[in-house]
Amino acid sequence: MGVNHLGVLTGGGDCPGLNSVIRAVTKTAVLKYGLEVIGFIDGFRGLVENNYIQLDLRRVSGIGHTGGTILGTTNRDNPFNFMTTVKGIEQASDQSDRAVSNIRNLGLDGLIVIGGDGSLNIAYKFYQKGVKIVGVPKTIDNDLSATDVTFGFNTAVNTASEALDKLHTTAESHHRVMILEVMGRYAGWIALHAGMSGSADVILIPEIPYNIDAIVAKIAQRFRQGKKFSIIVVAEGAHNAGGEMVVHSLVPESHDPIRLGGIGQKVAEEIESKLHDIETRVTVLGHLQRGGGPIPYDRILATRYGVAAVEAFMEGRYGTMVSLQGKEIRTVDLQEAIKEIRLVPPDSNIVDAARAIGISFGDS
């Protein structure tokens, strides 16, 4: 029996390029294979509540260059631990069977799930329950180990690099230390790439614990050389040697309940406590990294992923995720794709290159 009807959803945090994937999935499915496509609203919540829209050529027209997702997304609604309010009290329950029933009742042959490790973990659980799944990797942190690059990452790096370009002029004018806090919970890819692109003097990433004295020594050295300003890029998950990440808040119902934030301010206070004559300012880039339209690289990569996801589905390669490996898009086992996150190797060539041009990682 052939494939006639596909569902698609976007889960987790948004990022530039999601609409490019949705557009590519829909156009490939409709134009090449004559399929019907529906999109579930607000990620897995739409799957549980049977809330969806028809995706046709008109619906996806003109969205490839736009940011966000026309389907909406959420990182709080896990069907296997779904939060509902009963008599004013929030409680969790397993609504996965309800979601599977909705898939069956809609006549869907399966789902294309666009998401990061959290969403793809949920997708894999549905695959274990008999739902035909193909995953598309989505995370601006670029930390999925089974693919070389995730769409949205390079747009986020571009946004952070532009911010650093602007911070340079005010830092130099006022002789200040400027700290830019960027996303990167466990992996420092955005901080590393943006820091190198934006001529940072110090880059702090989770994979290389920092020593505040090493950072202070770098700033002091620059002042002795007549460079009366410094630029520091810090990933939100960075921490000092022997310390822990700075947690802003907890969201218990989320797949990943920890919300980070505040490491930039912590580093600023540590610097000012040791260098009393130097002013330090902090900019938290936050959700600006997720916003705006994708740069051309990400539009193209997202489109290739969307097309490849439909092709994988039509070829019966279920329980897989599409992946960029070198120059080719391939499929990898979904269980393998979510097994571990991809961290920055401290001894990698790119870290060595940064050190060679005088960038400090705060460790020496």
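S.K.: Got a minute to help me understand the pairing of strand β6 (residues 110–115) in this structure?
M.R.: Residues in a regular strand project their side chains so that they alternate between the two faces of the sheet. With six of six residues buried, β6 is to be regarded as a mostly interior element. Here β6 shows a buried face lined by G110, I112 and I114 and a second buried face lined by L111, V113 and G115. Note that β6 and strand β7 (residues 133–137) share five bridges and pair parallel. Counterpart to G115 in the pairing with β7 is P137.

S.K.: Where do I start with the side chain of S360 in this structure?
M.R.: Inspection of the secondary structure assignment puts S360 in the segment after α11 (349–356). A polar side-chain atom of S360 sits 2.9 Å from the main-chain amide nitrogen of G362. If near-sequence neighbours (up to four positions away) are discounted, S360 is found in contact with D201, V202, I203 and K218.

S.K.: What should I look at first to understand the sheet that holds strand β10 (residues 230–235) in this one?
M.R.: Two orientations exist for strands paired in a sheet by backbone hydrogen bonds: parallel and antiparallel. If you trace the four strands from one edge of the open sheet to the other, you get β9-β10-β8-β13, paired in parallel fashion. Unpaired on one side and paired on the other, β9 (202–204) and β13 (280–284) mark the two borders of the sheet. The average angle at which neighbouring strand axes cross in this sheet is 15°, direction not considered. Inspection of the sheet shows β9 paired to β10 by three bridges, in the parallel sense. Looking at β10, one finds that L204 is bridged to V234. Along the sheet face, helix α7 (residues 212–224) touches β8 (177–182), β9 and β10 and points at about 160° away from the line of β10.

S.K.: What am I meant to see in the packing of helix α1 (residues 18–33) against helix α9 (residues 296–314) here?
M.R.: Any two packed helices are characterised by how steeply their axes cross, that is the angle between the axes, and by the distance between the axes. Contact geometry of α1 with α9 gives a least axis separation of 7 Å together with a crossing angle of 45°. Here α1 lies oblique to α9, going by the angle between them. The handedness of the crossing between α1 and α9 comes out as right-handed. Facing S20, V21, A24, V25, T28, A29, K32 and Y33 of α1, the residues of α9 in contact are R299, A302, T303, G306, V307, V310, E311 and M314. Among the residues making up the contact of α1 with α9, the classes are represented as nine nonpolar, four polar and three charged.

S.K.: Would you explain the packing of aromatic side chains in this entry?
M.R.: Each aromatic ring pair is characterised by the separation of its centres together with the angle its planes make. With the rule as written, the count across this model stands at six aromatic pairs. Plain terms: the ring middles of F40 and Y52 are 6.2 Å apart, the flat faces sit at 70° to each other, and that makes the pair edge-to-face. Placement of F40 in strand β2 (residues 36–40) and of Y52 in strand β3 (residues 52–55) is noted, with a sequence separation of twelve residues between them. Considering the side-chain rings of Y124 and Y127, the 6.2 Å spacing of their centres and the 35° angle between planes classify their relative orientation as tilted. On the criterion of helical spacing, the pair formed by Y124 and Y127 is a turn pair, its members being three residues apart in helix α4 (residues 117–128). Y127 sits in the partly exposed class, given a relative accessible area of 34%. Among the aromatic residues, those joined into a cluster by ring pairs are F44, F80 and F126. One cation-aromatic arrangement involves R222 over F229; the distance from NZ or CZ to the ring centre is 5.1 Å. Cation over ring: R342 sits above W189, and NZ or CZ is 4.5 Å from the ring centre.

S.K.: Sorry, what's going on with the pairing of β10 here?
M.R.: Buried residues dominate β10, accounting for six of its six residues. Here β10 shows two buried faces, one formed by S230, I232 and V234 and the other by I231, V233 and A235. The pairing of β8 with β10 spans six bridges and is classified as parallel. Opposite V177, over in β10, you have S230 as the bridge partner.

S.K.: What exactly am I supposed to notice about the packing of helix α6 (residues 189–197) against α11 here?
M.R.: The interhelical angle for the contact between α6 and α11, taken along N-to-C directions, is 35°, at an axis separation of 11 Å. Read as a crossing pair, α6 and α11 show a hand that is left-handed. Of the residues in α11, those in contact with L192, H193 and M196 of α6 are I350, V351, A353 and A354. By residue class, the composition of the contact of α6 with α11 is six nonpolar, one polar and no charged.

S.K.: How should the environment of L111 be read in this particular structure?
M.R.: Tracing the sequence through the fold places L111 in strand β6. Counting along the chain gives 233 residues from L111 to V344, while the straight-line C-alpha distance between them is 32 Å. Setting aside its immediate chain neighbours within four residues, L111 contacts G7, V8, L9, F40, L47, I103, K132, I133, V134 and F313.

What counts and how
- Residues numbered from 1 in each chain as written.
- Predicted model: local features only at pLDDT ≥ 70, side-chain atom pairs only at ≥ 80, totals over all residues.
- Heavy atoms only, no water.
- Buried < 20%, exposed > 50% of the residue type's maximum accessible area, 1.4 Å probe, protein only.
- Helix = DSSP H or I, 4+ residues; strand = E, 2+ residues; numbered from the N terminus.
- Pairing = 2+ DSSP bridges.
- Polar contact = N/O pair within 3.5 Å; in protein donor to acceptor, adjacent residues only side chain to side chain.
- Contact = heavy atoms within 4.5 Å.
- Axes fitted to C-alpha atoms, helices over the stretch in contact; angles between N-to-C directions.
- Parallel < 35°, antiparallel > 145°, perpendicular 65-115°, else oblique.
- Left-handed = near helix turned anticlockwise from the far one by under 90°.
- Nonpolar A, V, L, I, M, F, W, Y, C, P; charged D, E, K, R; others polar.
- Phe/Tyr/Trp six-rings, centres within 6.5 Å; stacked < 30°, edge-to-face > 60°.
- Lys NZ or Arg CZ within 6 Å of the ring centre and 35° of its normal.

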